[in-house]
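If you want the building blocks of each chain, they are given just below.
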Amino acid sequence: MTLLELNQPDRLNPIDPLSTESEIQAALHEAEHDPAVRVVIITGRGRAFSVGADLRNKPEPKTEFDKNATMPQRLAYDYSYGLMWKTLLHFKKPIIAAVNGYALGGGWEVAHLCDLIIASETAVFGAIEVELGVNPFAMSTNYLPKMVGKHRAMDMILNGRKINAQEALEYGLVNKVVPVESLMKEARALAEEIAARPPLTMALTKRLVHRAMHVDEDYELERAFAYLLRSTDDTKAAWAAAANREEPPAYKGR
């Protein structure tokens, strides 16, 4: 078993494409190729799993190549927010999310892409990307309608609706809700149970369930829309307002 812990508790474990994502990507790559690792647990230190994007980073591309790249090139070369998400999506071994506290935006996307979710009683979930002027782009628009129905998914995504752990359990979005102090014990027990089973059976069965969800075909479309929106005036203004803890601007549709 490998434990991956998001470890910036003072900032509620934000996700940054140039640091956090590359570190998680590297750890996942190592775990996937280590035959001694049967299961991965992802959690966050402190009072949050992750609150998503690091607002100190602007939504513009980070390099000269990215600024000049066409949309297909950005997607093809896993521009910026890419490698970690794709690795999570196609990871062959079971992954358990142990969610303590806030799992918002990209934090909830990480949990979504795990295979099982154990939530503490203090967990709060939300696809809040609309507050930054972008669509969710790591499977919320794909998974949520299949799991909770179109209308509930629309409300949660279009309004950035946050739900607590018990609501998430009722909606079938988590496997179990436990006291905070029992979270890691429960996650480890579940990991040990899965690790005792045949690894190849786990990998191929996981692939079948993944295919049943029909997620691959829409993955790149989500990302393309997010890249498009990140170049608009409204999204840049929304991102700046959120980063500066200001009221959102009057959006102009451009």
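It should be noted that the structure appears before, not after, this text.
Keep in mind it's a predicted model, so treat the numbers as computed, not measured. (Residues numbered from 1 in each chain as written. Predicted model: local features only at pLDDT ≥ 70, side-chain atom pairs only at ≥ 80, totals over all residues. Heavy atoms only, no water.)

Engineer: Is there a simple way to think about the packing of helix H5 (residues 106-113) against helix H6 (residues 140-148) in this case?
Structural biologist: Geometry of a packed helix pair, given as the angle between the helix axes and the separation of the axes. In the contact formed by H5 and H6, the axes pass within 10 Å of each other and the chain directions differ by 60 degrees. It follows from the interaxial angle that H5 and H6 lie oblique. The element H5 and its partner H6 pack so that their crossing is left-handed. Every residue of H6 that contacts H5 at Trp-108, Glu-109, His-112 and Leu-113 is listed here: Ser-140, Tyr-143 and Leu-144. Of the residues that constitute the contact of H5 with H6, the class distribution is four nonpolar, two polar and one charged. (Axes fitted to C-alpha atoms, helices over the stretch in contact; angles between N-to-C directions. Helix = DSSP H or I, 4+ residues; strand = E, 2+ residues; numbered from the N terminus. Parallel < 35°, antiparallel > 145°, perpendicular 65-115°, else oblique. Left-handed = near helix turned anticlockwise from the far one by under 90°. Contact = heavy atoms within 4.5 Å. Nonpolar A, V, L, I, M, F, W, Y, C, P; charged D, E, K, R; others polar.)

Engineer: Before we go on, may I ask you to explain helix H10 (residues 199-212) in this structure?
Structural biologist: For an α-helix the count is 3.6 residues per turn, leaving residues at separations of three or four pointing the same way. In a regular helix each residue adds 1.5 Å, so 14 residues correspond to 20 Å; H10 covers 20 Å between its end C-alpha atoms and thus fits that length. Directly after H10, the chain includes His-214, whose backbone phi takes a positive value near 55 degrees. (Expected span 1.5 Å × (residues − 1).)

Engineer: Looking at this model, I keep getting lost on the sheet that holds strand E7 (residues 102-104). Mind explaining?
Structural biologist: Whenever strands of a sheet pair, they do so through backbone hydrogen bonds, lying parallel or antiparallel. If you walk across this open sheet you meet the four strands as E4-E7-E9-E10, and the pairing is mixed. Whereas interior strands pair on both sides, the edge strands pair on one side only; in this sheet they are strand E4 (48-50) and strand E10 (162-164). For this sheet the average axis-to-axis angle between neighbouring strands, irrespective of direction, equals 20 degrees. (Pairing = 2+ DSSP bridges.)

Engineer: Please clarify how helix H7 (residues 150-158) should be interpreted in this entry.
Structural biologist: Buried within H7 are the following residues: Ala-153, Met-156 and Ile-157. With its buried residues spanning 90 degrees around the axis, H7 presents them on a single face. Along H7, the residues that are exposed and aim more than 90 degrees away from the buried face are His-151 and Leu-158. Looking at the buried residues of H7, the elements they touch are H5, H6 and E10. Two residues or fewer after H7 comes Gly-160, characterised by a positive phi angle close to 60 degrees. (Buried < 20%, exposed > 50% of the residue type's maximum accessible area, 1.4 Å probe, protein only. Arc of directions from axis to C-beta.)

Engineer: Sorry if this is basic, but what is going on with the nonpolar core here?
Structural biologist: One recurring pattern in soluble globular proteins is that nonpolar side chains are buried together. The biggest cluster of nonpolar side chains holds 43 residues, and the ones touching the most others in it are Val-40, Ile-42, Val-99, Phe-125 and Leu-173. Aside from chain neighbours lying at most four places away, what touches Ile-42 is Leu-4, Phe-49, Leu-88, Ile-95, Ile-96, Ala-97, Ala-98, Val-110 and Cys-114. With 11 residues, the next largest nonpolar core counts Val-39, Ile-96, Val-178 and Leu-183 among its residues. (Core = buried A, V, L, I, M, F, W, Y, C linked by side-chain atoms within 4.5 Å.)

Engineer: Would you take a moment to explain the packing of aromatic side chains for this structure?
Structural biologist: The geometry of an aromatic ring pair is captured by the separation of the ring centres together with the interplanar angle, meaning the angle of the planes. Throughout the structure, instances matching the rule amount to one aromatic pair. A ring pair is formed by Trp-108 and Phe-125, whose centres lie 5.9 Å apart and whose planes are at 50 degrees; its orientation type is tilted. You can see Trp-108 sitting in helix H5 and its partner Phe-125 sitting in strand E9 (residues 124-126), a full 17 residues away along the chain. Accessibility assignment for this pair places Trp-108 and Phe-125 in one class, buried. (Phe/Tyr/Trp six-rings, centres within 6.5 Å; stacked < 30°, edge-to-face > 60°.)

Engineer: Explain the sheet that holds strand E3 (residues 40-44) to me, please; I cannot follow it from the model alone.
Structural biologist: The five strands are arranged E1-E3-E6-E8-E11 in an open sheet whose pairing can be described as parallel. With one partner strand each, in any of the chains shown, strand E1 (2-6) and strand E11 (176-178) form the two edges of the open sheet. Put simply, the sheet's adjacent strands are angled 20 degrees from each other on average, direction ignored. As paired strands, E3 and strand E6 (residues 95-99) are joined by four bridges and run parallel to one another. Counted as the bridge partner of Val-40 is Ile-95 from E6.

Engineer: Got a minute to help me understand the pairing of E1 in this structure?
Structural biologist: Regular strands place side chains that alternate from one sheet face to the opposite one. Side-chain alternation along E1 places Thr-2, Leu-4 and Leu-6 on a buried face and Leu-3 and Glu-5 on a face that remains uncovered. As judged from the five bridges shared by E1 and E3, these two strands associate in the parallel manner. Residue pairing across strands places Glu-5 opposite Thr-43, the latter belonging to E3.

Engineer: Teacher, can you tell me more about the layout of surface pockets here?
Structural biologist: Any space left empty among the atoms is revealed by the rolling of a water-sized probe across them. For the largest pocket, the calculated volume is near 880 Å³. The set of elements that each furnish at least two residues to the lining of the largest pocket consists of strand E2 (14-15), strand E5 (52-53), E7, H5 and helix H12 (233-243). When residues in the lining of the largest pocket are grouped by element, the largest group, five residues, is from H12. A class-by-class count of the residues in the lining of the largest pocket yields 23 nonpolar, three polar and 11 charged. By volume, the second largest pocket is sized at about 540 Å³. Lining the second largest pocket are 23 residues, with Cys-114, Asp-115, Leu-116, Lys-206 and Val-209 positioned closest to its centre. Listing elements by their share of the lining of the second largest pocket, those giving two or more residues are helix H4 (83-90), H5, strand E8 (116-120), H6 and H10. Considering each element in turn, the lining of the second largest pocket owes the most residues, five residues, to H10. A breakdown of the residues in the lining of the second largest pocket according to their chemical character gives 16 nonpolar, five polar and two charged. (1 Å grid on protein atoms, 1.4 Å probe; cavity = no way out; pocket = protein on both sides within 12 Å on 5 of 7 lines; lining within 4 Å. Points joined across faces, edges and corners; volume = space filled by probe spheres on them.)

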